[in-house]
Amino acid sequence: MTGPSGPPRQLRRLRVILAALFAAVALAAFALSGQSRASAAAAPAAVAAPDAGTGYWHTSGRQILDADNQPVRIAGVNWFGFETSNDVVHGLWSRDYKSMIDQMKSLGYNTIRLPYSDDIFKPGTMPNSINFYNMNTDLQGLTSLQVMDKIVDYAGSIGLRVILDRHRPDAGGQSALWYTSSVPESTWITNLKALATRYQGNTAVVGIDLHNEPHDPACWGCGDTTIDWRLAAERAGNAILGVNPNLLIFVEGIQTFNGTSGWWGGNLMGAGQYPVELNVANRVVYSAHDYATSVAQQTWFTDPSFPANMPGIWDKYWGYLFKQNIAPVWVGEFGTTLQSTTDQTWLKALVDYLRPTAGNGGDSFSWTFWSWNPDSGDTGGILKDDWQTVDTVKDGYLASIKAPTFGGTGSTGGTSSGTSSGTSSGTSSGTSSGTSPGTTSGTTSGTTSGTSTGTSSGTSSGTTSGTSSGSTGGTGGGGCTATLNIDNQWDAGFTATVTVTAGSAAINGWKVTWTWPGSQQETSAWSATVQQSGAAVTATNLSYNGAVAAAGSTSFGFQGTASGAFTAPALTCTAS
């Protein structure tokens, strides 16, 4: 997904379980219950030892094994942003990156999937919307790729692993195929090889997800090299392994196979008949995406037998690969806002299907939840809008399938121990992400009804006042200016970012006002208090981001409803 990379991506009351407690309980359960096997022929050994995850990983049948041949389970989250116009993970306007990675570990997640676009490889690409005031200080002046280095190194140093995900060819949006007119296959492969070279020898990076959510007209096994995703995955996978033969190659499904359609990237029905075969054996992990009704409607949600029908659906599209001991399966994205009973039922059923870690250990489906970010419009995240508070209900659903973290990689660069609190000032960003899992109808036509969006109108405007004289341009003592950018817009809504910049003197607080040109309505906001009366909107700072240094800036974001295209309104910024 990517949120508004695609459309912006239970109620069982389980409490959040800290990683240490979870690991202890899980390991004790392993010892007491012994090994559980699925009803597949030659199912491999199950239980992961405490020190599992060493070195580079490989596959054997349906399992992912570490360098010591111990089974490992990927149990993580998606942290998006490198694929957007921010060119960096989101939330760094509010938190220190180490603080967030520490929090992921404390909640029991052991892997981070990092979506990116090929834009970050362009010379001089710099991240934006990072707050350097008492946080993220070691990221200042770094390029987007150098910030990625810091995240990878710090994650590895505390026992987390990273999967790099080529999410989009550019920040403008997802693509059905692995190439576009502006980003040809040669660029895609060159950049994949560059990543494999960049992290060669760094075992924190366990592999690369070749391309996010291939969909119609992508085919699997049809033989047409311009649309056959399986053949393209072989070309890219072999290119990566030619540089670093130790990496895992994660290959997503497509949308339609033999007339049967499913989620974008979620249809692996052809992989059994037409497997991805690489020059280095035991490196392929198949990846499926699966979503609930908050992303898009599918026929199986309204089947009278729901949710009893779901295991059969999952078996058909991707689960058979695991159950028949063909290859490991990683559910690289799944998520929901949990607002409907159907979605709550779906998530509970999926978690049960993925197999509890207790008793199964590494002999389980792997997964990364969409998303860590709260700014995925159609799913929300593990974090709430303040980028600090955990959605304990959502996180609780995942408790039984979390798995222990791994040993530190000992990497350098961003590996200092500090766990900065990261609650302070923050400049807000950005763009929202979710996934554009185009959905599908059918069993025959294979056409997509698609829910994707993510197009950005990206107009920015705004000016301001500042002092009582109402001067524009933010000049004068205590003045400020404000600009509003429509980050993403889809059929019924949008997300936007407002950046507040102080003038020649520091300010202690700010208020931004504007009037919508149409029927736009703000529905939720982060990093500001936003109130709307009619078409008039007023946004005021929160306690932690009112103080802005001279010429400094901070930001806030919000989501709203709208119909039809519209331009960003003029803004007035008043400082105090």
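Definitions and cut-offs
Residues numbered from 1 in each chain as written. Predicted model: local features only at pLDDT ≥ 70, side-chain atom pairs only at ≥ 80, totals over all residues. Heavy atoms only, no water. Helix = DSSP H or I, 4+ residues; strand = E, 2+ residues; numbered from the N terminus. Expected span 1.5 Å × (residues − 1). Bend = angle between axes of the 7 residues up to and from the residue. Buried < 20%, exposed > 50% of the residue type's maximum accessible area, 1.4 Å probe, protein only. Contact = heavy atoms within 4.5 Å. Pairing = 2+ DSSP bridges. Polar contact = N/O pair within 3.5 Å; in protein donor to acceptor, adjacent residues only side chain to side chain. Axes fitted to C-alpha atoms, helices over the stretch in contact; angles between N-to-C directions. Parallel < 35°, antiparallel > 145°, perpendicular 65-115°, else oblique. Left-handed = near helix turned anticlockwise from the far one by under 90°. Nonpolar A, V, L, I, M, F, W, Y, C, P; charged D, E, K, R; others polar. 1 Å grid on protein atoms, 1.4 Å probe; cavity = no way out; pocket = protein on both sides within 12 Å on 5 of 7 lines; lining within 4 Å. Points joined across faces, edges and corners; volume = space filled by probe spheres on them.

### Quick notes on helix α6 (residues 310–323)
Between the first and last C-alpha of α6 there are merely 15 Å, a value that for 14 residues lags more than 12% behind the 20 Å anticipated at 1.5 Å per step. Its maximal kink placed at Y317, α6 deviates by approximately 75°. The complete set of buried residues in α6 reads M310, I313, W314, Y317, W318, G319, Y320, L321 and F322. Among the structural elements, β10 (260–261), β11 (284–291), β12 (329–335) and α7 (341–353) are those in contact with the buried residues of α6. In the segment just after α6, N325 is the residue with positive phi, at about 60°.

### What to know about unusual backbone geometry
A cis amide bond links D216 to the next residue, P217, at an omega of 15°. Here P217 lies in the loop between β7 (205–209) and α5 (229–243). Although it is not a glycine, S129 adopts a positive phi angle of roughly 65°. Counting through the fold element by element, S129 comes out in the loop between β5 (111–117) and α3 (144–157). Judged by its relative accessible area of 18%, S129 is buried. Unlike most non-glycine residues, N325 shows phi in positive territory, near 60°.

### Description of the sheet that holds strand β2 (residues 63–65)
Strands sit in the order β1-β2-β3 across an open sheet of three strands; the sheet is antiparallel. Each edge of the open sheet carries a strand with a single partner, namely β1 (58–60) and β3 (71–72). For β1 and β2, the ladder comprises three bridges, and the chain directions are antiparallel. Opposite T59, over in β2, you have I64 as the bridge partner.

### Regarding the side chain of Q174
For Q174, the location among the structural elements is in the loop between β6 (161–168) and α4 (185–198). A polar atom in the side chain of Q174 sits 3.0 Å from the side chain of E213.

### Description of the packing of α6 against α7
For the pair α6 and α7, interaxial distance at closest approach is 12 Å and the crossing angle is 30°. One element, α6, and the other, α7, form an angle in the roughly parallel class. As for how α6 packs across α7, the hand of that crossing is right-handed. Within the contact between the two elements, α6 uses M310, P311, W314, D315, W318, G319 and K323 and α7 uses W346, A349, L350 and Y353. For the contact of α6 with α7, a count of residues per class yields eight nonpolar, one polar and two charged.

### Considerations on the layout of surface pockets
Of the pockets and cavities examined, the largest pocket occupies roughly 350 Å³. In terms of lining, the largest pocket is formed by 18 residues, of which the most central are T337, Q339, P374, G380 and D385. Considering every element that reaches the lining of the largest pocket, the biggest residue donor is strand β18 (residues 521–526), with three residues. Of the residues contributing to the lining of the largest pocket, the split by class is three nonpolar, 10 polar and five charged.

### What to know about the side chain of D228
Within the fold, D228 resides in the loop between β7 and α5. Leave out the neighbours within four places in its chain, and D228 touches W178, C219, W220, G221, C222 and G223.

### A few points about the sheet that holds strand β8 (residues 248–252)
The eight strands lie next to each other as β4-β5-β6-β7-β8-β11-β12-β13, forming a closed barrel whose pairing is parallel. For this sheet the average axis-to-axis angle between neighbouring strands, irrespective of direction, equals 25°. Here three bridges tie β7 to β8, and the two strands are oriented parallel to one another. Bridge pairing in β8 places D209 opposite F250. Contacts from α5 reach β7 and β8 within the one sheet, and its direction differs from that of β8 by about 165°.

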